[in-house]
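This is what each chain is made of:
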Amino acid sequence: IKATTLIEIERNRQIHELGWTPDIDVLSDSIHPEILVDAAIHYLVQREDNKPRIVAQWPYSTKPNLKTPRLRQLVKAGALIAAEIDLRVRRGEVLE
C-alpha cells in the first residue's frame, strides 16, 4: 500500500469517524492559525520510544494518542498536512 493511500484513509477517518470536517478545519484555523500544521508537527517530532525530539505543544484540548506505532503517527501527520493543504486550496491559494 502506498503512503498516499494510507494518508487518504486516515484523512477519511478523521472526517467521518472523528468529525474533523473541512468546515471544522476552517473554524479551527480562524481561532488558531495553522492548527493543523501544529498538530502534524506534534506527531512528527516523536521518536520510536514516544519521547519527543523537541517539545511541540499539542494545539487541541484533547490529548493525542502517541502509544501507536511510528508509522501510524506519520500517517496521522500526513493526513493533517493534507487537511491544511485542502484548507488553503479552498481559500484560493495557488502554487507559484
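As shown above, the structure is provided for reference.
Residues numbered from 1 in each chain as written. Predicted model: local features only at pLDDT ≥ 70, side-chain atom pairs only at ≥ 80, totals over all residues. Heavy atoms only, no water.

1. Describing the packing of helix α3 (residues 35–44) against helix α4 (residues 70–91)
The condition that has to hold: Axes, fitted as lines to C-alpha atoms, cover a helix only where it is in contact. Angles between the N-to-C directions of the axes lie from 0 to 180 degrees. Secondary structure elements follow DSSP: runs of H or I no shorter than four residues count as helices, runs of E no shorter than two count as strands, and numbering proceeds from the N terminus. Note that the term roughly parallel is reserved for angles under 35 degrees, roughly antiparallel for angles over 145, roughly perpendicular for angles of 65 to 115, and oblique for everything else. Each crossing gets its hand from how the near helix is turned against the far one by less than a right angle, where anticlockwise is left-handed and clockwise is right-handed. Here a residue-residue contact requires only that any non-hydrogen atoms of the pair lie within 4.5 Å.
Contact pair α3 / α4: the axes reach a minimum separation of 8 Å and the direction vectors enclose 165°. Taken together, the axes of α3 and α4 lie roughly antiparallel to each other. The chirality of how α3 crosses α4 is left-handed. Contacts between α3 and α4 involve Leu 36, Val 37, Ala 39, Ala 40, Tyr 43 and Leu 44 from the former and Arg 70, Gln 73, Leu 74, Lys 76, Ala 77, Leu 80, Ile 81, Ala 83, Glu 84 and Leu 87 from the latter.

2. A short note on the pattern of salt bridges
So the rule is basically this: For this document, the term salt bridge refers to a Lys or Arg side-chain nitrogen within 4 Å of an Asp or Glu carboxyl oxygen. Using a 1.4 Å probe on the protein chains alone, a residue whose accessible area is under 20% of its type maximum counts as buried, one over 50% counts as exposed, and one in between counts as partly exposed.
This structure, assessed with the given rule, holds nine salt bridges. Arg 72 is the partner of Glu 10 in a salt bridge, and the nearest nitrogen-oxygen pair spans 2.7 Å. Of this pair, Glu 10 sits in helix α1 (residues 3–16) while Arg 72 sits in helix α4, placing them 62 residues apart in sequence. Assessed through its relative accessible area of 3%, Glu 10 is described here as buried. Close ionic contact of Arg 90 with Asp 23 constitutes a salt bridge, the shortest N to O distance being 3.1 Å. In this pair, Arg 90 sits in helix α4 while Asp 23 sits in helix α2 (residues 22–31), placing the two residues 67 residues apart along the sequence. Salt bridges sharing partners connect three or more residues here, namely Asp 29, Glu 34, Glu 84, Arg 88, Arg 91 and Glu 93.

3. Focus: α2
Structural remark: α-helix, 3.6 residues per turn; residues separated by three or four positions point the same way. Stated precisely, the cut-off is as follows: This arc corresponds to the set of directions leading from the helix axis out to the C-beta atoms.
Taken together, the buried positions of α2 are Asp 25, Ser 28 and Asp 29. Projection of α2 onto a plane perpendicular to its axis shows the buried side chains occupying an angular sector of 100°, all on one side. Exposed residues on α2 whose side chains face more than 90 degrees from its buried face are Asp 23, Leu 27, Ser 30 and Ile 31. Buried positions along α2 lie against α1, α3 and α4.

4. Quick look at the packing of α1 against α4
Two elements in contact, α1 and α4, have axes whose closest approach is 8 Å; the angle formed by their N-to-C orientations is 70°. Taken together, the axes of α1 and α4 are roughly perpendicular relative to one another. Of the residues in α4, those in contact with Leu 6, Ile 7, Glu 10, Arg 11, Arg 13 and Gln 14 of α1 are Arg 72, Val 75, Lys 76, Gly 78, Ala 79, Leu 80, Ala 82 and Ala 83.

5. Considerations on the nonpolar core
In globular proteins that are soluble, nonpolar side chains generally tend to be buried together. Just so we agree on the cut-off: Among buried residues, those of type Ala, Val, Leu, Ile, Met, Phe, Trp, Tyr and Cys that are joined through side-chain atoms within 4.5 Å constitute a nonpolar core.
Of all hydrophobic cores here, the largest spans 12 residues; its members are Ile 35, Leu 36, Ala 39, Ala 40, Tyr 43, Trp 58, Tyr 60, Leu 66, Ala 77, Leu 80, Ala 83 and Leu 87. At the level of elements, α3 and α4 are the ones that each hand at least two residues to this core. Those residues in contact with Leu 36, other than ones at most four positions away along the chain, are Asp 25, Tyr 60, Leu 80, Ala 83, Glu 84 and Leu 87.

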